[in-house]
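# A structural walkthrough
The chain contents come next:
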Amino acid sequence: MSTATKPNHIGRKISRIRELKDMKQEALAQALGTNQQAVSIMENSETIEEEKLIEVAKALGVSVEAIKNFSEEGVFNYFNSFSDNSINQGPIGNQNICNFNPLDKLIEAYEENKKLYERLVQAEKDKNEYLEKILKDK
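## So, helix 3 (residues 36-43)
- Taken together, the buried positions of helix 3 are V39, M42 and E43. Buried positions in helix 3, seen along its axis, are confined to an arc of 95° and lie on one side of it.
- Looking at the buried positions of helix 3, the neighbouring elements they touch are helix 1 (10-20), helix 2 (25-32) and helix 4 (50-60).
- Structurally, the start of helix 3 carries an N-cap: the backbone nitrogen of Q37 is 3.3 Å from a side-chain oxygen of N35.

Printed below as a string of structure tokens:
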């Protein structure tokens, strides 16, 4: 008997999809209304009832077919199909378009931090004045 993993082990496929989505067993369990141990048992099961599979697919945000047809090779092929030049292909290619000026966001964050700092400094001054008043009254 071969020690290789069986290609149709649905539990392992669910586990890998969950991991690729950076989701912990606890989060999946919460979405399914169960506990982490039940998810662990499910991920170690070779088969899963269709109704449960539908619930899991919904919780993972994928189709039942995506779970059934999942393969590590398919994932690598998908990501390897992107070229490094896709960002520079113009309006037709897949692009990561920045809809804001990052410098504006940096300045905005600076201004917010400055206001917070000024409020903290003022709070410390108020606290010092209050403590000095208490010491004078003694």
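## Some details on the nonpolar core
- With 16 residues, the main nonpolar core has I14, L28, M42, V56, L60 and I67 as its most contacted residues.
- At the level of elements, helix 1, helix 2, helix 3, helix 4 and helix 5 (64-68) are the ones that each hand at least two residues to this core.
- Among the elements that take part in this core, helix 4 stands out by supplying four residues, more than any other.
- Residue contacts for I67: discarding those within four places in its chain leaves I10, K13, I14, I17, L53, V56, A57, L60 and V62.

## Remarks on the side chain of H9
- Of note, H9 is situated in the segment before helix 1.
- A distance of 3.0 Å separates a polar atom in the side chain of H9 from the backbone nitrogen of R12.
- What H9 contacts, discounting residues up to four positions off in sequence, is E43, N44, S45 and E46.

## Points about the packing of helix 1 against helix 4
- Across the interface, helix 1 lies against helix 4 with an axial gap of 11 Å and an inter-helix angle of 10°. Of the possible angle classes, the one that applies to helix 1 and helix 4 is roughly parallel. By crossing handedness, the relation of helix 1 to helix 4 is classed as left-handed. The segment helix 1 lies against helix 4, with I10, I14, I17 and R18 engaging L53, V56 and L60.

## Remarks on the side chain of E43
- Position of E43 among the secondary structure elements: in helix 3.
- Accessibility expressed as a relative area gives 5% for E43, which makes it buried.
- Looking at E43, its side chain comes within polar contact range of the side chain of R18, at 2.6 Å.
- Those residues in contact with E43 that lie beyond four places of it in its chain are H9, G11, R12, I14, S15, R18, Q25 and L28.

## Describing unusual backbone geometry
- At D22, a position not held by glycine, the phi torsion is positive, near 55°.
- You can see D22 is positioned in the loop between helix 1 and helix 2.

## A word on the packing of helix 2 against helix 4
- Following both chains from N to C, one finds helix 2 and helix 4 inclined at 120°, their axes separated by 9 Å at the closest point. For the crossing formed where helix 2 meets helix 4, the hand is right-handed. Within the contact between the two elements, helix 2 uses L28, A31 and L32 and helix 4 uses E55, V56, A59 and L60.
- Of the residues belonging to the contact of helix 2 with helix 4, the class tally is six nonpolar, no polar and one charged.

What counts, and where the lines are drawn
Residues numbered from 1 in each chain as written. Predicted model: local features only at pLDDT ≥ 70, side-chain atom pairs only at ≥ 80, totals over all residues. Heavy atoms only, no water. Buried < 20%, exposed > 50% of the residue type's maximum accessible area, 1.4 Å probe, protein only. Helix = DSSP H or I, 4+ residues; strand = E, 2+ residues; numbered from the N terminus. Arc of directions from axis to C-beta. Contact = heavy atoms within 4.5 Å. Polar contact = N/O pair within 3.5 Å; in protein donor to acceptor, adjacent residues only side chain to side chain. Core = buried A, V, L, I, M, F, W, Y, C linked by side-chain atoms within 4.5 Å. Axes fitted to C-alpha atoms, helices over the stretch in contact; angles between N-to-C directions. Parallel < 35°, antiparallel > 145°, perpendicular 65-115°, else oblique. Left-handed = near helix turned anticlockwise from the far one by under 90°. Nonpolar A, V, L, I, M, F, W, Y, C, P; charged D, E, K, R; others polar.

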